Each structure stands twice: as structure tokens, then as C-alpha cells.
There are 2 protein chains.
Amino acid sequence: MMANKIKRLLFGKPLHNEEITREKLPKWKAMSIFSSDPLSSIGYGPEQIVLILTVPWAITYGYTWLVAVAIIVLMGIVTLSYSQVAKVNPGGGGSYSVAKKNFGELAALTAAASLFIDYTLTVAVSISSGTDAIISAFPVLTDHRMTLNLFVLFGILMLINLRGVRESSNAFVFPTYAFVFGILALVAAGIFHIISSTTVIIPQTSLERQPLDWTIIYLVLRAFASGCSSMTGIEAISNGIPMFKPPEVKNAQLTTYMMSSILVVMFAGITLLIIHNHLLPVENVTMLSQLAEATFGRNFMYYYIQLATMLVLYLAANTAYNGLPPLLSLLARDKYMPRYLANRGDRLTFNNGIILLSIIAAVFIVIYHGNTEHLISLYALGVFLSFTISQAGMVVHWHREKNSCWFARAFLNCFGAIITGIVVLIIMVAKFLYGAWLILIAIPLIIFIFKRINSHYKDMQSQLALPPYDLITPSGGRNIVIVPIAGVTRVVANTLKYAKEISDQSIAVFVATDKESAKKIEEKWNSWNPGVRLIILYSPYRSIFGPLFRFIAKVESKKGPNDYITILVPEFETHRWWHRLLHNQTGLLLRNLLVFRKNVVVTVVPYQLEK
Amino acid sequence: MMANKIKRLLFGKPLHNEEITREKLPKWKAMSIFSSDPLSSIGYGPEQIVLILTVPWAITYGYTWLVAVAIIVLMGIVTLSYSQVAKVNPGGGGSYSVAKKNFGELAALTAAASLFIDYTLTVAVSISSGTDAIISAFPVLTDHRMTLNLFVLFGILMLINLRGVRESSNAFVFPTYAFVFGILALVAAGIFHIISSTTVIIPQTSLERQPLDWTIIYLVLRAFASGCSSMTGIEAISNGIPMFKPPEVKNAQLTTYMMSSILVVMFAGITLLIIHNHLLPVENVTMLSQLAEATFGRNFMYYYIQLATMLVLYLAANTAYNGLPPLLSLLARDKYMPRYLANRGDRLTFNNGIILLSIIAAVFIVIYHGNTEHLISLYALGVFLSFTISQAGMVVHWHREKNSCWFARAFLNCFGAIITGIVVLIIMVAKFLYGAWLILIAIPLIIFIFKRINSHYKDMQSQLALPPYDLITPSGGRNIVIVPIAGVTRVVANTLKYAKEISDQSIAVFVATDKESAKKIEEKWNSWNPGVRLIILYSPYRSIFGPLFRFIAKVESKKGPNDYITILVPEFETHRWWHRLLHNQTGLLLRNLLVFRKNVVVTVVPYQLEK
């Protein structure tokens, strides 16, 4: 079939169960695959700080480096905390598994709900920011922002993930290193400029800090909350430990340190340069683009940095496709999500999860019009919430195990949990009006849905379970066959033949909408005499289903407890598709309405038209 | 059910077959009901002439009255011709019936196709013009033009027609007379102004006619073609003769004359005043609105005229709802349209025709953005085409009957046919680029569709016809029952029970997507031992349908010619609707895919979940 061919072309040939691969990655490869998400945050994180501090006549611009230092400290704490998560949880699985093991259902579901939000927002934020990067370089694309976003989402990410990509593909290694190289070159060139003093000097007034008051404290906190988006994704490695070469935990930890170091250097460098160049927000141009232009001019290096930023951001969006569908399949296996999310498709990918993720991310992108700033405030909140939960889970773990130096370890995670918890509160307060309230509603709502789904599956299991030794014996009842007819035709003859095959109690029923047609059909029937009783129902209100259903109900009320009622629906299949439009789909409708009746078996007897 | 209650509220209770009414109307009532369509043309007709003649620096403005006189003469001819149609065709039915009786299939279908286009365009043009009238009075509505158009179409006209309105309702009598009164008052006041000379004098140069050249001839012809839209609807009475009180024909003719006289007076008056006030087209303000404002100022009379114009135009759109659905039902009965267009709904209305008309009119409105000018050029063409056909039909009729003075009558109709035929050619040439080419494609296309539908129904009839004395004898073959299962549950037990009822040759089939599940199901089955053979199909590519369909095909290839294959699809009905989302709809999909297989009977055995 045509549809099948197109499917093959888009998604490739089906894969055999045994083709599932579990490859082990060397550190340099793992590093690039897991860190596209956190490192790419540099594409929007530092900008978010300045964006807020420059709003009221730039009077708070001078606080930028303070906020930056606070974030760098936080990065250190989170990194250390997560290197411990890796040790305890070598099987991966992230905060849902940690919480499930250590706290039980509610915490696990909370973690799952916030991960669910995080992953979808990762996709939305990364795609929007990637598009921002390319729009900064090519302003002609400004009007096509939404089209670009949705094309990347559905046309590229969803498609290649449905096709199933090997996470280890070299295509995924390249953009991360290209991006790291570009940013480090930018930072180096920028610092060289500072030293050789060829750049503009910042107006000194702008860096003078105004005395603190509540407005300024609020702005600084908001800037801090937004800037925290620079470390989203730091947890990625702890979810993928089984993919490292042995010794897995050691390698994963080393990689985490490595990644964080690069992140800190890039973050500090970019923020420094933004302050030094005294950059201010410009619509439709990212700060990274301004910075690259100020440092290199519009030459090859500028375009290189914009393209690498775009690629790494789109790649970061892709990491959510590696994260959420497996989480959904875990949830589905634990019966918190629809069971079909656990099935692997043709290409061994979790198709349904991939499609679900794409649709929800699209909703976020469309609702927020690809406006990165507001998406990020939602995003950071979700991320820090799951940071806090998994750190707290670790504390409980250490306390329970009481290994050597458990106290020091527990203290570290406890400190991490408290700090990230405070960040959650700050974001909550600072960003409440900008969308954070949504998360407050969404997480309990998602948990509620998880629980309702779970209770439905449990109910069902108990209802469907077969009692032991429930033998199948013939019911001993009759099978009353009802054949609704629309005329005296071969289709009806064909159906009656089958009726006689499965029962000796058949009734044909005709619904007449006027008296002439009733008379005509009766005469035809009698002259044909097929050996089946015909009952004519007169329907002066011209409804077909009403009288028919009342008749079926009447038969139902008279039948014995072991009797079956079978409705045979004659149906002819037309030769060409458009012929279908010429027939009122009474058969189709009838069969779909009847299927909802509790005690009635519905049978479709086909009759094929030849031309 | 809720849905039923809403339906009742919107459409009213079902009506009994015997509640069909065939009321007789007095002349004054018939006049207002049938003439809303032609008289309302005054709302846009005169404007169309000036619209074209003022385009190139108003150099052709002076030709306006010439065009107007030509149109008035044409009105006279068409009126006389149609009063003869009334005489010959007292049963109504319009040009489709006339052509069918006198010319045969092709002419009848041509008439039907052009009527089909006319009626849908009547709706589109009248609604758009009605909205224009109200927008002229309340410019604040300008941005909501499309919303208003579609609301009037679906929210008012379609709804009340589905509900079924008595054409004789007094609600329909009022707007026509209100409109006639308003326009006559406007004309009278305008002429009074002229006489008492208080209005502005026209710049004399503007009325000086430029010497004719080809460009001007083309413009004048285009203006004439557009102006002809002023007489659309004149044929309405000849389609509704049975609704008049006896003597029907006489009364219908008198009403036609009456209506035409009013039409001529209004048309001449409005055109005169437009010329005298030297009105020029203004965007978003109709000329009728300009004229009313120039004559009365923005007082009560101005708003009265705008509202009456709006009402009468919407009412004119409604006449198409009285015309097209019955025509479609005639076509459906003659097997040129899908049969269900002939059925009367709950409220004795031709529901499907009403919905079809609304959808097509909406397409026209949306494509033309409610731009009246271009819609009208299409519209006038269709109307004059059907004028020509029915006049020509009359000529043939007179020639065939050869009554007293047949020659004079034939001459009159022949003259009418030639004149309207010339108008068709003029519109065709003058408006070719403005949409008339569309009609050239649409009419043959619609005729082609009519014929294809007809041949399908004929094919089907021959295939479905029952040979005489075709007795129903049991086939003597076996009934092989296949039960696809997804596990060992009560649902399956329930299904197998039914399988044993209808056959003693049942096979259960399980498609295993991995080896463990195959093993598990086999063990369960053996320990249960329901007395039915289980076949396990291993599907390493995890497709369910592929292996199952191949298995069915294998069984099919082995069965005897008289054997049946019945597939029993176990299906459980969930307790709440949203539970459905939690199950992959394999059963539903399976049954819909199987229904397309030629030789397989599909049976759904229900199992109801209790919670």
C-alpha cells in the first residue's frame, strides 16, 4: 500500500525485537551527549539576568555580577549533590526512581509530574531559543518564528525520534563541542579585547549600585531566579549512568565535574563580557549575538557561533526525547499512565510517548508565541523542584544506609536540598505572576490524573481476572437473530443466509417512514418468501433508530437469561471510495450505536459491490 | 440524553408525517414572500452600475441612465416571459421541471446545475449585502464582517430552516413591505428635494458623455452586466404557483406584474437619485446608505432604511432555503444526487439539503471575503443562464402544443430567450476575468457529477436486484470462528461462550510481541483449558495486525466455498468515557479494518465494565 511505502520512507523498516542495542559510551562521547542540555543553557541564561536588571532605566545593572556569583556557587553545590546521586543510583532512572525507592508513591509521583513538565518545557524553551539564535543572525526570518519552531519540532525532532536515533550517533557529538569551542573562543577574544583596551568603556554610573530597597531586592531575586535557568540539565548525567563504560559511576562523576567546570567557565566569561560591553536587551537579537558581533564583527566567527548555538539548542531539545518517553513507559508499566505508552513501535521507539511530548511542547510554544523569557520562568521552577526532591531523597537514603561518612554525605545533599528549595521559593515568589502559578496548579493536577488512571487499571484488573476453573460450557439458551433491512435486495439475501447458519430464530425488521413503502415491502417479501418472519415498524416521525431500538429492547425484555440477541447488520462495500458518499451511512451508524448496548452482539455481514 | 434535550431546544419536537402543511396564500402575502429576493436586489443592483462607470476618473458616469433604461426594458421582457411560464407550469418546479419535460436529460441537468449555483450564490450575495447595509450604518462593525456573515448563515438561517419555518409566517411578510415603504419614501423625498432644488447641483462636465470607443463600450457593457443583478429573483413566483389561492395562475401572474412594477419604480427612482446626487463609491458604505444620508441626514429614517435593507436581504437569502432543498430532493429522487437528500428530517424539512446549501454558501462567502461586487458577477451569470434555458423551454412547449395564439406566445418567449441569452454572453465576456470562467467550469462539472452519481445508482440497482425465486437455503458449509485475544480474562471467557453458541469450530489467536508473553499465555491457557484451541503467533516486529491478517488469509485459503469465517472481537465497554483513552483501541481498529475484508464476517461481543 501507498501509506505503507510513505511510512517506510519516513521512518525506515521495522526493527526486530533483538535489534535493541545497549551500547557503552566513552567519556568524551558521553560528555557531549549528556551536556548539550546544560551547556546550551548558556544560550539564554546570562541574558535572562540582564534582561530583568536593565528594565527600570538600568539602575540595577550593577547587581549583575553579584547575581552571577550566586549562581556559580549554586552550580557548584548542585554538581556535588548530583555526583552523589550517581553513586547511589547507578541504574539511572532519575528522580522518579530515587523518590519511589526512598519516599513512596506521593513523592515519586510529584517527581514524575515535575519531570513531565520539565521535559516538555525543555523542548519548548530550547527550540524557541535555538530559533532566536538564528533569527538574530538572519532578521529576515523574524516573521516566520512560529513556523520555524513548529517545523523543527514536528518536522525534525519528532520525525527523527520516531525513526529512532542511536543516542551514540556521532552527529550528536559534533554540535556540543563546536558550541563549546565557539563560546570559549568568544570569551578568550573578549578578554583579549579588555586587556588590550580597544573596546568601549562602560559608563561608570551604570555600575554604581543603588542602595538596596524592596523594589531592588525583588528585581535582584527575579534576576537570580531567571538566571538559574543557566543550570537546567545538570541532572542529565545521573539519569544515564548505565550508558557509561565501566567503572560507570566513577566515569559518570568525572564527566559531571568536567561538564560543570566548562559550564562555570562559559557562564562566568559570557556574563563578564556582557557587563564589560554594557549590552542592553534589543528586540529580536539575543545578547549572545550582540556579544559575538561586538567582539568579532559580522564575520565568519559570528555566523559560526550563531549556527553552533542553534544546533546545540535543538540538540538539547532532543535530550528530552531521550528522557521523557522512557519515563512515561516506566509510569505506564506502574499503571500511572495509559498502557500503550509502554509499547515500543516498529522502530523499537516509544512512539506514543514521542508524539505526546511533541504535542504538549507545541502547545507551550504556541501559547507563549515562542516568547523565551516567560517559558524560562516556568522551566526553571520545574527543574529546581525536581532538584529539591531528589536531593531530599538522597538525604533519606544516606540516613537509612548509614555507611561510612554517611553524615558528611547526608549533610551535602541536605545543604543542596535546602539551597535548591530556597531557589524554588524565590522563583515561586518572583515569577508567580509570570506563569509560576500554572505549575502550582499543574503538578497537583498531573498527580491527580496519575492516581485516577492507576485506580482505573486496578479496578479493571479485578473485574477481568478469571476465577479459577471457570469452565466454558454452552449456555443452553437460544440465539435470537435480528436482521434490520432497508429493502429486498441481494444484500439482504446474503445476510439471511448467514443468519440461518448461526441460528434458527431469525427475524427481519423493516422501519417504514411512510405507509406506501410499508405496503410495498410487505408485498415483495411475501412473493419472495425467504422463510424468515418480517416485522414492519411504522415510524411516522421518520426516525429509523428509535423504533428499531425500542423493538430490540422489547425482544431483550422477553429473552431468557441464557439467550443471546445478535443483530446482523447487512453492509455493502462500494467499489470506489467516493461511492460511499452517496449512501447514508445508516449501517455504519447503526453498528456503532449498537456496540454500546450491553447485551447485544453486533455482527457485520459484508457484501461487496463489483462496480 | 443531554444531546437530545439540546436538539429539542434548538430544533423543536419531531413532527408527524401528517403534519405536513400545504397552505394557500392570499396575493398580498404571496407577494411579500416571493418578492423579498427580487426587490432586495435594489440593495445592490443600481450601485453595481455606478461602481463600474465611475472607475476611470468618472468619464463614463454620463452613461449611467442609458444602462438603467436598458435594464428596465429587460425587466419588462423577463416579467412577461415568466408570466407565461406560470401559465404552462402551474405545478411549480421551475426550470428543472420545464427543461426535463420539454428537452430531456441534458438540458434539465444544465438547468439544475445553474439553479444549484444560483441558489447558493443568492445566499452568499444576499447575506454579504445585508451585512454591508448594517456596516454602512454602524462602521464599528467593519472588522467583524466575516463573523457577522457566518453567524447569520449558520446561527440564524440554517438553524431556523432546520427547525422548519412555515413560509407563510407573518414574520416574513413584514420586512418586504417595510423595505418597499422605506425605499419609496426615500425616492419621494429625493424627488421632492430635486423639485424644491435644495440639493447640490451635479457638475455638468460629469454628465457629458465621452464619445464611444471600445474601452467605453466594454465598460458600459460591464456596467449593464452588473446592473442585471437588479432583477435576480424575478423567476421566484413561477416556482411557487401551488401556494397561491385559486385561481392560482391568474393570481400568480397578477402578483408577478405587481412585483415587477414596484421593482421598476424603485430601480428607476434610486438610479435617478444616485445620478442627481452625483454619488461616488465609498469603501464600506453602500450607495443606498449614502443616498439615505444625503436625503434624510442621519436621523430615524436613515437607520430605518438601513435596517429594513438588511432584513429584506437576509430574508432574500432565506428564499434559497425554500428553493434549493426541494430541488435537491427532486434530483435525489431522480438519482442525480445522493439519496439521503430526499429524506425529510425530524421536523419534516430536507435537513441534508439545508446543511449542504449552508456549507457551500459559506465557502463562497469565505473565498470572496464577503466582497459583494465579485460575487454578484458570478451570480448574475447563473441567473440569466437559467432565464434563457427556461424561456427556450417555453418556446418548444408552445410549438409542441400549438394552442390558440401559440405563435405570439412563442414569439414573446423566444424574444425573451434571445435577449437573456445575449445578456449571458455579455456577462460572460465582460466578467470573464472576474469569476465568470468559474461558472464555465462549474456547470459542466456539476452535470458530470450528476451523471456519475446516476450511473452509480443504476449499477447498484442491477447488482442488488434479487433474482426471482432465489430461495434461502442453508449453505451446508462450516462456520469457522476466530477469536483474537489479548490475554486470559473474563472478557475472553465471555467471547468464547458465544463462539461455542454459533459454531463448533473455534480457534483462539494470540499475537505475542515477545517470547516471555507467549510462554506465559500458553501456560495460563493450558491450566485454564477452556476447550478451544489456542494458536500463538510470534511477532518480533511487534505488529499485531500483520500476523493476524496473514493468519486469517491462511484460514481463508483453506476454507470450502460454502464455509464462513467469523471473527469475534472481544470488546469491553468502559464505565466512564475517559477510561476509553486509557486503552489502546485495538478492538475498534481491528473491527474497522476487518470490515473491509470481503469474505469475513465481523462480530463484536460486548463486555461491560461495572466501575
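Source: prediction; values computed, not measured. (Residues numbered from 1 in each chain as written. Chains lettered and ligands numbered in written order. Predicted model: local features only at pLDDT ≥ 70, side-chain atom pairs only at ≥ 80, totals over all residues. Heavy atoms only, no water.)

Q: Help me get a handle on the packing of aromatic side chains, residues and values and all.
A: Per the stated rule, a full pass over the model turns up 26 aromatic pairs over all chains. The interplanar angle of 65° and the centroid separation of 6.5 Å between the aromatic rings of Tyr336(A) and Phe450(A) together place this pair among those described as edge-to-face. Linking Tyr336(A) in the loop between helix H13 (300-333) and helix H14 (351-367) with Phe450(A) in helix H17 (residues 436-464), this pair joins segments that are 114 residues apart in sequence. Here Tyr336(A) and Phe450(A) have matching classes, each one buried. Ring plane angle 15° and centroid distance 5.7 Å describe the contact between Phe34(B) and Phe244(B), whose orientation is recorded as stacked. You can see Phe34(B) sitting in helix H2 (residues 27-40) and its partner Phe244(B) sitting in the loop between helix H10 (214-227) and helix H11 (248-276), a full 210 residues away along the chain. Phe244(B) sits in the buried class, given a relative accessible area of 0%. (Phe/Tyr/Trp six-rings, centres within 6.5 Å; stacked < 30°, edge-to-face > 60°. Helix = DSSP H or I, 4+ residues; strand = E, 2+ residues; numbered from the N terminus. Buried < 20%, exposed > 50% of the residue type's maximum accessible area, 1.4 Å probe, protein only.)

Q: Can you lay out the nonpolar core for me, pointing to particular residues and giving the numbers?
A: Counting 143 residues, the largest nonpolar core has Ile127(A), Met231(A), Ile270(A), Leu331(A), Met337(A), Phe384(A) and Phe450(A) as the members making the most contacts within it. Counting residues in each nonpolar core, the second largest holds 142 residues, with Leu609(A), Ala99(B), Ala317(B) and Trp398(B) among its members. (Core = buried A, V, L, I, M, F, W, Y, C linked by side-chain atoms within 4.5 Å.)

Q: Lay out the pattern of salt bridges with the relevant residues and their values.
A: Inspection of the entire model under this criterion finds ten salt bridges over all chains. Notably, a salt bridge pairs Asp563(A) with Arg478(A), separated by 2.9 Å at the nearest N-O pair. Here Arg478(A) lies in the loop between H17 and strand S1 (479-485) and Asp563(A) lies in the loop between helix H20 (545-558) and strand S4 (564-573), a separation of 85 residues in the sequence. Taking relative accessible area as the criterion, Arg478(A) reaches 37% and is therefore assigned partly exposed. A salt bridge links Lys100(B) to Asp334(B), with the shortest nitrogen-to-oxygen separation between them at 2.9 Å. You can see Lys100(B) sitting in helix H5 (residues 94-102) and its partner Asp334(B) sitting in the loop between helix H13 (300-333) and helix H14 (351-367), a full 234 residues away along the chain. The exposure class assigned to Lys100(B) is partly exposed, which follows from its relative accessible area of 41%. (Salt bridge = Lys/Arg side-chain N within 4 Å of Asp/Glu carboxyl O.)

Q: Report on the pairing of strand S5 (residues 600-608) of chain B, specifying residues and quantitative values.
A: Counting buried residues in S5(B) gives eight out of nine residues, a clear majority hidden from the surface. Bridge count between strand S5 (residues 600-608) of chain A and S5(B): three bridges; the pairing is antiparallel. Looking across to S5(B), one finds that Val602(A) is bridged to Val604(B). In the sheet, strand S4 (residues 564-573) of chain B pairs with S5(B) via nine bridges, with the strands oriented parallel. Residue Phe572(B) lies in a different strand from S5(B), and its bridge partner there is Tyr607(B). (Pairing = 2+ DSSP bridges.)

Q: How would you sum up the interface of chain B and chain A? Please name residues and give values.
A: Across the contact, 87 residues belong to chain B and 88 residues belong to chain A. Buried area between chain B and chain A, both sides added, is near 7,500 Å², and the carbon and sulfur share of it is 56%. For the pair chain B and chain A, the interface holds zero salt bridges. On inspection of chain B and its partner chain A, the count reaches seven residue pairs in polar contact (both at pLDDT 80 or more). For the side of chain B that touches chain A, the elements supplying multiple residues, two or more each, are helix H17 (436-464), helix H18 (490-502), helix H19 (515-528), S4, helix H21 (586-594) and S5 of chain B. The class makeup of the residues in the side of chain B that touches chain A is 40 nonpolar, 22 polar and 25 charged. (Contact = heavy atoms within 4.5 Å. Buried area = accessible area lost by both parts, 1.4 Å probe. Polar contact = N/O pair within 3.5 Å; in protein donor to acceptor, adjacent residues only side chain to side chain. Nonpolar A, V, L, I, M, F, W, Y, C, P; charged D, E, K, R; others polar.)

Q: Could you give me a rundown of the relation of the copies chain B and chain A, with the residues and numbers involved?
A: Mapping chain B onto chain A calls for a rotation angle of 179° and an axial translation of 0.0 Å; the resulting RMSD is 0.3 Å. Such values leave the two copies arranged in the relation of a two-fold axis. Considering only C-alpha atoms, the residue of chain B closest to the rotation axis is Thr603(B), which sits at 2.0 Å. (Least-squares fit on C-alpha atoms with pLDDT ≥ 70 in both.)

Q: Describe the sheet that holds strand S2 (residues 505-512) of chain A, naming the residues involved and giving the relevant values.
A: Spatially, the ten strands line up as an open sheet ordered S3(A)-S2(A)-S1(A)-S4(A)-S5(A)-S5(B)-S4(B)-S1(B)-S2(B)-S3(B), and their pairing is mixed. Edge positions in the sheet fall to strand S3 (533-538) of chain A together with strand S3 (533-538) of chain B, since each of these pairs with one other strand and no more. Neighbouring strand axes in the sheet, compared pairwise and without regard to direction, differ in orientation by 25° on average. In this structure, strand S1 (residues 479-485) of chain B lies alongside strand S2 (residues 505-512) of chain B, joined through six bridges in parallel fashion. When the bridges of S2(B) are listed, Ile485(B) appears paired with Phe510(B). In the packing of H19(B) onto the sheet, contacts are made with S1, S2 and S3 of chain B, and the angle to S3(B) comes to roughly 175°. (Axes fitted to C-alpha atoms, helices over the stretch in contact; angles between N-to-C directions.)

Keep in mind these values describe shape, not function.
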